[in-house]
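Analysis of the macromolecular model
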Amino acid sequence: MKYMTAGESHGPEEIAIIEGIPSGLHLTEQDVNKELSRRQHGYGRGQRQVIESDTVKFLSGVRHQTTLGSPITLNVHNDDHNHWASIMDPNEPATDENSVRKVMRPRPGHADLVGGMKYRHFSDLRNVLERSSARETVMRVAVGAVAKQLLKELGIDVHGFVLNIGPAKTKLEHLTAFNTLNDLRQQTESFETRTLDEETDNEMQAVIDKAKKEGNTVGGTVQVFATGVPAGLGSYVTADDKLDAKIARAIVGINAFKGVDFGGGFNNSEKFGSEVMDEIFWSEDKGFYRGSDNLGGFEGGMTTGEMIAVRGVVKPIPTLYRPMHSVDIDTHEDHKASIERSDTTAVTAAAVIAEHMVAIELAKAILDKFDTDNLGRLKEQLTAYREEIKEF
Ligand SMILES: Cc1cc2nc3c(=O)[nH]c(=O)nc-3n(C[C@H](O)[C@H](O)[C@H](O)COP(=O)(O)O)c2cc1C
Ligand SMILES: C=C(O[C@@H]1CC(C(=O)O)=C[C@@H](OP(=O)(O)O)[C@H]1O)C(=O)O
């Protein structure tokens, strides 16, 4: 399975094409829209989310609510484009009128300055901003929603949560206690029913309000769990095949993500080996299993069959309403950085995006290993593989 996205933040459309989804998967636009709506919610987002009501259109690859095995084209319209039609016009040459939203004072923390240098966009850094914007993550979530639909058919659930926003930490004890694997397993049943509001409690909202009032922004940490994953996805034989490495890349590839770890992750560096390794057990009904999940479900770049636990660190939003120092790229004079309408925080959306990126990497790993033509055959192969692993 592979995919590509295209689209500028204030252009007319966002597009993704996915190749390699098996035929026979039940898939509706509502399945995707449910996830797009989750990405739009969360306390601390700006006015753009009020304008947009992200809904997908299937342009190819799905017929009568079922995938055909052909490339799936997904399309989300940018409602905000109405306000930007002349600024984003592909046919008219640049004029004073249609360049009113020029960006000449690059914003620290954005792709503006280096993107301008690299692509020679010296007349307007909007040419960088439009594609480097996290607007594009709407399509990654749309692709991830298709991946999640496939994984659900295979008994695999993936869900993302907020761990902290600035100094305010989640009250959800189970999200930080990796040793209580059984508790976590029970909690997974309620993953889908959780609301985003439950994740940004009053303390988090107070942190966001304070930042906003002060023209500032905040980041945070997100957690993704995946359950029902069979042992042996990914491989130790080459670095490129390591699935934890692929997931790490997918997470840090999300706008504003600056760190990733698995299981106890960075905290494990302060512990002794005896506290960190996941001891091995065997039982008749389960086959091999572990007593803890401190390594987040990976050994040697392969899934262990335990729950996958990945965390991602999200930096504070770079656009500040109390802007930082910058330099005009034309005059080279000192100035405050440009201000674009902005979120105060997007950690809740980031949790949803991270969840979908993990789903994409898991779906890819499964489709690398088993049949990609038809879902029924894929299920048969995966069931046989699970049996074989259990008999080991
Ligand atoms: C869901 C989401 C929404 C974002 N919204 C904004 C925003 O409103 N304003 C902003 O300056 N940055 C926002 N960002 C962050 C920037 O897109 C990102 O920091 C920038 O493109 C530079 O990329 P980098 O942080 O990965 O280096 C957002 C990121 C995410 C994931
Ligand atoms: C559009 C989205 O996020 C945008 C990401 C973003 C950025 O710089 O990354 C900047 C803002 O764009 P705008 O100036 O149009 O409000 C966010 O709203 C979205 O998530 O759908």
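This text goes with the structure placed above it.
Residues numbered from 1 in each chain as written. Chains lettered and ligands numbered in written order. Predicted model: local features only at pLDDT ≥ 70, side-chain atom pairs only at ≥ 80, totals over all residues.

Backbone geometry places His-64, a non-glycine residue, at a positive phi of 50°. Structurally, His-64 can be placed in the loop between strand E4 (62-63) and strand E5 (66-67). Looking at His-64, the number of C-beta atoms within 10 Å reads 6, which means it is exposed. Unusually for a residue other than glycine, Gln-65 sits at a positive phi of about 65°. Summarising the element assignment, Gln-65 is placed in the loop between E4 and E5. (Helix = DSSP H or I, 4+ residues; strand = E, 2+ residues; numbered from the N terminus. Buried ≥ 20, exposed ≤ 12 C-beta atoms within 10 Å, placed from the backbone.)

Glancing now at the sheet that holds strand E6 (residues 72-77). The four strands lie next to each other as E1-E2-E6-E3, forming an open sheet whose pairing is antiparallel. Looking at strand neighbours, the two that pair on one side only are strand E1 (2-6) and strand E3 (56-60), the edges of this open sheet. The average undirected angle you get between the axes of adjacent strands in this sheet is 20°. The sheet contact formed by strand E2 (residues 13-19) and E6 spans six bridges and is antiparallel. Note that in E6 the partner of Ala-16 across the bridge is Leu-74. On the sheet, helix H5 (residues 137-153) packs against E1, E2, E3 and E6 and is oriented at approximately 35° with respect to E2. (Pairing = 2+ DSSP bridges. Axes fitted to C-alpha atoms, helices over the stretch in contact; angles between N-to-C directions. Contact = placed C-beta atoms within 7 Å.)

Moving on: the sheet that holds strand E15 (residues 308-314). Taken together, the five strands give an open sheet; going across it, the order is E8-E7-E9-E15-E10, and neighbouring strands pair in antiparallel fashion. Strands with a single pairing partner mark the edges of an open sheet, and in this sheet they are strand E8 (168-169) and strand E10 (257-262). In this sheet, E15 lies alongside strand E9 (residues 220-227) in antiparallel orientation, the contact comprising seven bridges. When the sheet's bridge partners are listed, Gly-220 is paired in E15 with Val-314. This element, helix H11 (residues 347-369), spans strand E7 (157-165), E9 and E15 of the sheet and lies at about 150° to E7.

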